[in-house]
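# Architecture at a glance
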Amino acid sequence: MEIIEKNISAVMARIEHSAAKAARDPQTLQLLAVSKTRSEEDIQLAFSKGLSAFGENYLQEALNKIKSLASISAEWHFIGPLQSNKTKQVAENFSWVHTVDRLKIAKRLNDQRPESLGPLNICLQINIDNEPSKSGLMPDQAWDLAQSISELPNLCLRGLMAIPMARHDIDSQRRPFRDLRLLKEEINRQLDNSQKLDTLSMGMSGDIEAAVLEGATILRVGTDIFGPRTGKATL
Ligand SMILES: *Cc1c(COP(=O)(O)O)cnc(C)c1O
């Protein structure tokens, strides 16, 4: 068996085990394969083993892959830092953006989204540990941006995303994920029924279990599917 196939089975087993522990239906969890720096062959292999959503961080690299893998019906998620000069190509080529943290970017994505593609799915990136040098909104700014984005017709605000500081025991890993879940619930109390957030994009290779226990709906996993990243910078 190919190593990637084995890895996918192992990750799925971890997700199912944690879902059972949390009394959650594993169907409510989507595994997003983070494919930055990975070859088209590896992506194709993962696709053939049942993964259909891929997360990319670097625009040019992603556009090359999206183009040459057009024959597989993969869903592409942009999960890297997003500057204004890149919004057009992101709006035209992706189904999801997980890293929106200011209104200017959201407005550009809204204006540049081709209507034929339907609304672009959006997560707000939250700086859940309040780290000064990290990207993402501070939690107390999330409601204002959520409210503004909910009025943009070509965007569909789906939820919140976070990349917490690395922590090594499961109880400490759960804390920021719980904070993100509570923030989503607080925002949902103020949104209309038709606009409720349904997505928590949280959990990576090292903290899948903690994220599932705290209600993640999209797990962004790279290393534990494709192996350690070599070469290009990671983040
Ligand atoms: C690289 C990356 C991941 C995947 O991290 P792994 O530790 O390799 O699973 C998830 N989310 C984001 C935003 C990333 O940049």
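So, a few notes on the structure that sits alongside this text. These numbers were taken from a predicted model, which means no experiment stands behind them. Along every chain, residues carry numbers that run from 1 in the direction the sequence is written. Two thresholds apply to this predicted model, a pLDDT of at least 70 for residue-level local features and 80 or more for giving and counting side-chain atom pairs, whereas whole-chain, interface and lining totals are computed over all residues. By convention in this description, side-chain values take in all heavy atoms of the structure and omit both hydrogens and water.

## Structural notes on the site of the ligand
- Here a residue is considered near a molecule or strand provided that any single heavy atom belonging to it is located within 4 Å of it. Around the ligand sit 14 residues in total, of which Lys36, Asn57, Ser205, Gly222 and Thr223 are the nearest.
- Residue Asn57 places a side-chain N or O atom 2.7 Å away from an oxygen atom belonging to the ligand.
- A 3.5 Å cut-off defines polar contacts: any pair of N or O atoms within that distance qualifies, except that in protein one atom must be a possible hydrogen donor and the other a possible acceptor, and neighbouring residues in sequence count only when both atoms are side-chain atoms. Taking Arg220, its side chain carries an N or O atom lying 2.9 Å from a nitrogen atom of the ligand.
- Considered on its own, the ligand offers 390 Å² of accessible surface; in the complex 93% of this is hidden by protein.
- Residue composition of the shell around the ligand, by class: seven nonpolar, four polar and three charged. Each accessible area is a Shrake-Rupley estimate made with a 1.4 Å probe; only the visible protein chains count as cover when residues are assessed. When residues are sorted by character, Ala, Val, Leu, Ile, Met, Phe, Trp, Tyr, Cys and Pro go into the nonpolar class, Asp, Glu, Lys and Arg into the charged class, and all the rest, Gly among them, into the polar class.

## Considerations on unusual backbone geometry
- The backbone of Ala23 shows a phi angle near 55 degrees, a positive value even though the residue is not glycine.
- By the secondary structure assignment, Ala23 is in the loop between helix 1 (3-21) and strand 1 (30-34).
- Despite not being glycine, Asn130 shows a phi value in the positive range, around 50 degrees.
- Comment: elements are numbered from the N terminus, with helices defined as DSSP H or I runs of at least four residues and strands as E runs of at least two. Looking at the element boundaries, Asn130 is found in the loop between strand 5 (120-125) and helix 6 (142-149).
- The buried label applies to any residue whose accessible area, calculated with a 1.4 Å probe on protein chains only, is under 20% of its type's maximum; exposed applies above 50%, and partly exposed to all values in between. Residue Asn130 is classed as partly exposed on the basis of its relative accessible area of 45%.

## Notes on the packing of aromatic side chains
- Any Phe, Tyr or Trp ring, taking Trp's six-membered ring, that has another such ring centre within 6.5 Å forms a pair; planes under 30 degrees apart are called stacked, those over 60 apart edge-to-face, and the others tilted. Going through the model one piece at a time under the given rule, you end up with two aromatic pairs.
- With centroids separated by 5.7 Å and ring planes inclined at 40 degrees, the aromatic side chains of Phe54 and Trp76 adopt a geometry described as tilted. Of this pair, Phe54 sits in strand 2 (residues 53-56) while Trp76 sits in strand 3 (residues 75-78), and the two are 22 residues apart along the sequence.
- What makes Trp76 buried here is its relative accessible area of 6%.
- Residues Phe78 and Phe94 carry aromatic rings whose centres are separated by 5.4 Å and whose planes lie at 80 degrees to one another, so their mutual orientation is edge-to-face. Of the two residues, Phe78 sits in strand 3 while Phe94 sits in the loop between helix 4 (87-93) and strand 4 (96-100), which places them 16 residues apart along the sequence. Accessibility classification places Phe78 together with Phe94 in one group, the buried group.

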